Amino acid sequence: MGSKQVYSCAILCSFLLFSVVTCRDGAATEPGCTQSATLDVDVSWCFRREIPKTLFGLFFEEINHAGAGGIWEELVSNRGFEAGGPYTPSNIDPWNIIGDESSIYVTTEAASCFTRNIVALRMEVLCDNCRTGGVGIYNPGFWGMNIEEGKTYNLVMYVRSLESVELTASLTCSRLSHALQNLASASIQHNDVSDWTRVELQLVAHETCRTSRLDLTTSKRGVIWFDQVSLMPSDTYRGHGFRKEFMHMLLDLKPRFLRFPGGCFVEGDQLRNAFRWKETIGPWEERPGHYGDFWKYWTDDGLGYFEFLQLAEDLGAAPIWVFNAGISHSEGVDTTSIAPFVKDVLDSLEFARGTAESTWGSVRAKMGHPEPFPLKYVAVGNEDCYKEFYEGNYLKFYKAIRKAYPDIQIISNCDGSSQPFHHPADMYDVHIYSNASYLFQMKSMFDRTSRKGPKAFVSEYAVTEPKDCGNGSLLASLAEAAFLIGVEKNRGLCVMLLCRDIVQMACYAPLFVNNNQPGWKWIPDAIVFNSWQQYGTPSYWMQTFFRESSGAEFHPVKITSKYSDSLAASAITWRDTDNSFLRVKIVNFGPDAVNLTIRAHQLRAAVDARGSRVTVLTSSDVMHENSFRNPRNVVPVTRGLPNAGKEMQALLAPYSFTSFDLALEEYKSFAEM
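Residues numbered from 1 in each chain as written. Predicted model: local features only at pLDDT ≥ 70, side-chain atom pairs only at ≥ 80, totals over all residues. Heavy atoms only, no water.

K.L.:
Would you explain the sheet that holds strand β23 (residues 503-506) in this entry?
P.N.:
The sheet built from 8 strands is open, its strands ordered β3-β15-β18-β19-β20-β21-β22-β23 with parallel pairing. If you trace the sheet from one side to the other, it starts and ends with β3 (58-59) and β23, each paired once. Bridging between strand β22 (residues 455-463) and β23 involves 3 bridges; their strand directions are parallel. Residue pairing in the sheet places F457 in a bridge with M505 of β23. Strands β3, β15 (257-260) and β18 (318-323) of the sheet are contacted by helix α4 (residues 305-315), whose axis makes an angle of about 160 degrees with β15. Each of β18, β19 (377-380) and β20 (409-412) is contacted by helix α7 (residues 390-404), which is oriented at about 175 degrees to β20, the strand it contacts most. (Pairing = 2+ DSSP bridges. Helix = DSSP H or I, 4+ residues; strand = E, 2+ residues; numbered from the N terminus. Contact = heavy atoms within 4.5 Å. Axes fitted to C-alpha atoms, helices over the stretch in contact; angles between N-to-C directions.)

K.L.:
Could you clarify how one ought to interpret the domain arrangement of the protein chain in this entry?
P.N.:
It is common to give the size of an interface as the accessible area lost on bringing the parts into contact. Here the domain parsing of the protein chain yields domain 1 (35-54 + 550-664), domain 2 (55-73 + 236-413) and domain 3 (96-233). For domain 1 and domain 2, the distance between their C-alpha centres works out to 37 Å. Between domain 1 and domain 2, the contact holds 5 residues from the first and 5 residues from the second. On the domain 1 side of the contact with domain 2, K53, T54 and S550 bury the most area, a combined 82% of that side's loss. Inspection of the region where domain 1 meets domain 2 yields 0 salt bridges. Taken together, domain 1 and domain 2 are joined by 6 residue pairs in polar contact (both at pLDDT 80 or more). Tallied by class, residues from the side of domain 1 that touches domain 2 come to 2 nonpolar, 2 polar and 1 charged. (Domains from an automatic or database assignment. Buried area = accessible area lost by both parts, 1.4 Å probe. Salt bridge = Lys/Arg side-chain N within 4 Å of Asp/Glu carboxyl O. Polar contact = N/O pair within 3.5 Å; in protein donor to acceptor, adjacent residues only side chain to side chain. Nonpolar A, V, L, I, M, F, W, Y, C, P; charged D, E, K, R; others polar.)

K.L.:
Before we go on, may I ask you to explain the state of the cysteines in this structure?
P.N.:
Cysteine pairs can be linked by a disulfide, which is a covalent bond between their two sulfur atoms. If you walk through the whole model with that rule in mind, you get 3 disulfides. Paired through a disulfide, C173 and C209 show a sulfur-sulfur distance of 2.0 Å. Note on the C173 and C209 pair: the S-S dihedral is about 65 degrees, so by sign convention the disulfide is right-handed. Here C173 is found in strand β10 (residues 165-173), whereas its partner C209 is found in strand β13 (residues 209-218), with 36 residues between them in sequence. This pair shows no difference in class: C173 is buried, exactly as C209 is. (Disulfide = S-S within 2.5 Å. Buried < 20%, exposed > 50% of the residue type's maximum accessible area, 1.4 Å probe, protein only.)

K.L.:
Is there a simple way to think about the sheet that holds strand β27 (residues 553-555) in this case?
P.N.:
Ordered by their spatial adjacency, 7 strands build an open sheet running β2-β27-β29-β30-β35-β32-β33, and the pairing between neighbours is antiparallel. Two strands in the sheet have a free side with no partner beyond their single neighbour: β2 (49-50) and β33 (637-640). Strand direction decides the pairing type here: β2 and β27, joined by 2 bridges, are antiparallel. Residue pairing for β27: E50 is matched across the bridge by E553. Packed onto the sheet, helix α10 (residues 474-489) meets β2, β27, β29 (567-575), β30 (580-588), β32 (606-617) and β35 (656-665) and runs at close to 130 degrees relative to β30.

K.L.:
Just checking my understanding: could you explain the environment of F440 for this structure?
P.N.:
By secondary structure assignment, the location of F440 is in helix α8 (residues 436-441). The contact partners of F440, leaving out residues within four places of it in the chain, are A479, A482, D565, S566, L567, A568, V587 and F589.

K.L.:
Would you explain the environment of Y297 in this entry?
P.N.:
For Y297, the location among the structural elements is in strand β17 (residues 297-299). A relative accessible area of 8% places Y297 in the buried class. In this structure the C-alpha to C-alpha distance between Y297 and H65, which are 232 residues apart in sequence, comes to 8.2 Å. Setting aside anything within four residues of it in sequence, one finds Y297 in contact with E62, I63, N64, H65, A66, H290, Y291, G292 and Q517. Looking at Y297, its side chain comes within polar contact range of the side chain of E62, at 2.5 Å.

What follows is the structure, encoded as structure tokens:
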């Protein structure tokens, strides 16, 4: 567009702003006072712009048992008996014995047929006339297995014995004031298992119990070795091993990307415990698992690199692979020795993107995915920028990846939002954890950010000050909403109406927490769960207001009010299958109600009041939370908007987040004209 055209458009798109304040001067902080404000939206084509298609997505980290005992539906904890370490005898927790020391002796031995996870369990039955039901071992899973009536559970395990084997596999339940109850069982009889033998069977539950366990019992004297005991429901999401309820909650957010697998989980406190992608691929039985020493629990890595790529695909989200940069929380590899780490990362990219005939692409194909995954984003490390070897290591990774895969977007750990950026990158990583007031003020953070150099990826944000967030409060979600409105706005000062977006992606952290985990490792979280329930915190529900924003058209707004320091607003037009909408979102971060006038300028479509609606997230107490007892205490409420129009009145509740969706008749986007 030429300069004369820009000038003419600027004149055309200007408008007057005014408001009337109904509270007396100085009363803005008095509870119960009603403020007035005007929100003007410029819907003209010359000031509209397209929001990045990838703006809002998800960050998954293996923290709070988000994967092991969470979205990954393996019900057995420590299925390979490796959690106690490679030296035997070792701790077999949470496995335990059925019987007593006079009838059974259980230990671990380096006796497995799998070379990468050599530990197996040896069970010696000492009784001839064993107790009723036999003796053996049991596994309670992750604080109890959720077994549901009518569902089928697939049991796979490896056994060996020098004699014939007579076993019973059972799902049992211990209820208060009741004896152990059988939910499902199957017999296992093998005459020749002198070599390790894979056993597969299905258990169909005839009753429901939320705190069940898996029992393996026998009444036959002798020695049996067990290894790699797995129990999974047969109805996981698309058969890929993911918990359906979780997937539906994630799909409801319409994520455009998935960042994985961490976070600090990628680094490890010590480098030997970092996430090693090659140890997490191939047959699940052969994966050694590892101890996540920063978050302090074992994972068998059933949810590995391949499964993360599959998860992104199932969510329709672009995968963002965060790899270790040769740096842990306590160690660093000198740049002169980083070459093996660089090769390892190139191998990981070939695994994801290579043909089915390539070295690592063929491994992916054997795992059931012959077509490449569309991996186009990688992050070099996590929060490592100021560590000794980071910049030197980063440049080695950058040059090698850019040469081999020039289309891949490379993300640096060094935050360039408020300081000069000194090395090449496509994006830089921004993490923001703070109190509610500070995050609310950060809604204008990117107005001041330089548009030169790489763009921003806000890969972790949340209110984390305990007095503000609790276990997930309305207050925290409102501050986060205001911050995201600033991210959505995503533009600084424009020169001749030419503006450059700076933020390309943003995601909340952390995503999940298992409520049973003693002493949550991070509070708050978006989704809280146990073996059979889950609920979204207000921060989860806040994100639903932004699920149509990626790729939508953004329109500038201006708030006129003496109360404007407590308000944050944005406007977009978006389209579903059949209709187009003008969405106006506004956060009221103050204790007063607000009489709001909304005026849409240059809107070249009529507003259909019948198809319009308003959605509000609020509560009677700003510190209200959700819980298993009351999972919908703070959730969005949607109703019709019969007074919808190009100019309309609305009342904003104190401490609220409101979204007005005005249905548009015969709306055409700028791109269609």
